[in-house]
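These are the residues of each chain, in order.
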Amino acid sequence: MAEHDITFRLTLDRLATDSKNSTIESMLRGLMADAGFKHVIALSNKAKHSSIVQPVLNEDFTGLRDKRLEVQFQEFERKGVRYPQGSIADVLGPAYNLASETVVDVGKEMIKVLT
């Protein structure tokens, strides 16, 4: 298989063909279903297929936010879904944490499956 033909969805479909991989498949599907991770996926695909979602410097003059200055991703739309403007830390942080936990958990499960 050519490397550009390998996709995450194809990987999930291949994992689904063998029941011993069901826990790994479930973990990865959970990652893909997370709303925060979907936002990051949309950012990535928007950048790959059309344009970069530009970061903006946002200043809070109300005093309601902890940080007066904040770098944010602009609002954008991908495949008919609108993604709101949000702090880079608020968008990437939770998705990064979830992906990191999932990588470790999948690694542990792969050791079980392969031994």
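Residue positions are given per chain, counting from 1 as you read along its sequence in written order. In keeping with the model being predicted, local features are shown solely for residues with a pLDDT of at least 70 and side-chain atom pairs are shown and tallied solely at 80 or more, while totals for entire chains, interfaces and linings include all residues. Calculated side-chain values reflect all of the structure's heavy atoms, with hydrogen atoms and water omitted.

Participant: Is there a simple way to think about the packing of aromatic side chains in this case?
Facilitator: The geometry of an aromatic ring pair is captured by two quantities: the separation of the ring centres and the angle between the planes. Only Phe, Tyr and Trp rings are paired, with Trp represented by its six-membered ring, and only when their centres lie within 6.5 Å; those with planes under 30 degrees apart are stacked, over 60 edge-to-face, the remainder tilted. For the coordinates displayed, the defined rule picks out one aromatic pair. A ring pair is formed by F76 and Y83, whose centres lie 4.9 Å apart and whose planes are at 15°; its orientation type is stacked. Think of it in three bands: with a 1.4 Å probe and only protein chains considered, a residue is buried below 20% of the maximum accessible area for its type, exposed above 50%, and partly exposed in between. Overall, F76 belongs to the buried group, its relative accessible area being 4%.

Participant: What is the right way to read the nonpolar core from this model?
Facilitator: Grouped burial of nonpolar side chains is what soluble globular proteins tend to show. To form a nonpolar core, buried Ala, Val, Leu, Ile, Met, Phe, Trp, Tyr and Cys residues must be joined to one another through side-chain atoms within 4.5 Å. Judged by nonpolar contacts, L12, L15, I24, L28, L31, M32, F37, A95, A99, V106 and V113 together constitute the single largest core of eleven residues. The secondary structure listing takes helices from DSSP runs of H or I that are at least 4 residues long and strands from runs of E that are at least 2 residues long, numbered from the N terminus. Looking at this core, the elements with two or more residues in it are α1 (8–15), α2 (22–33) and α4 (88–114). Residues count as neighbours in contact if any of their non-hydrogen atoms are within 4.5 Å of one another. When sequence neighbours within four positions are dropped, the list of residues in contact with M32 reads F8, R9, L12, F37, K38 and I41. Core analysis: the next-biggest nonpolar cluster, separate from the first, contains seven residues, L43, V53, F76 and V91 among them.

Functional significance is not addressed by these values, which are geometric in nature.
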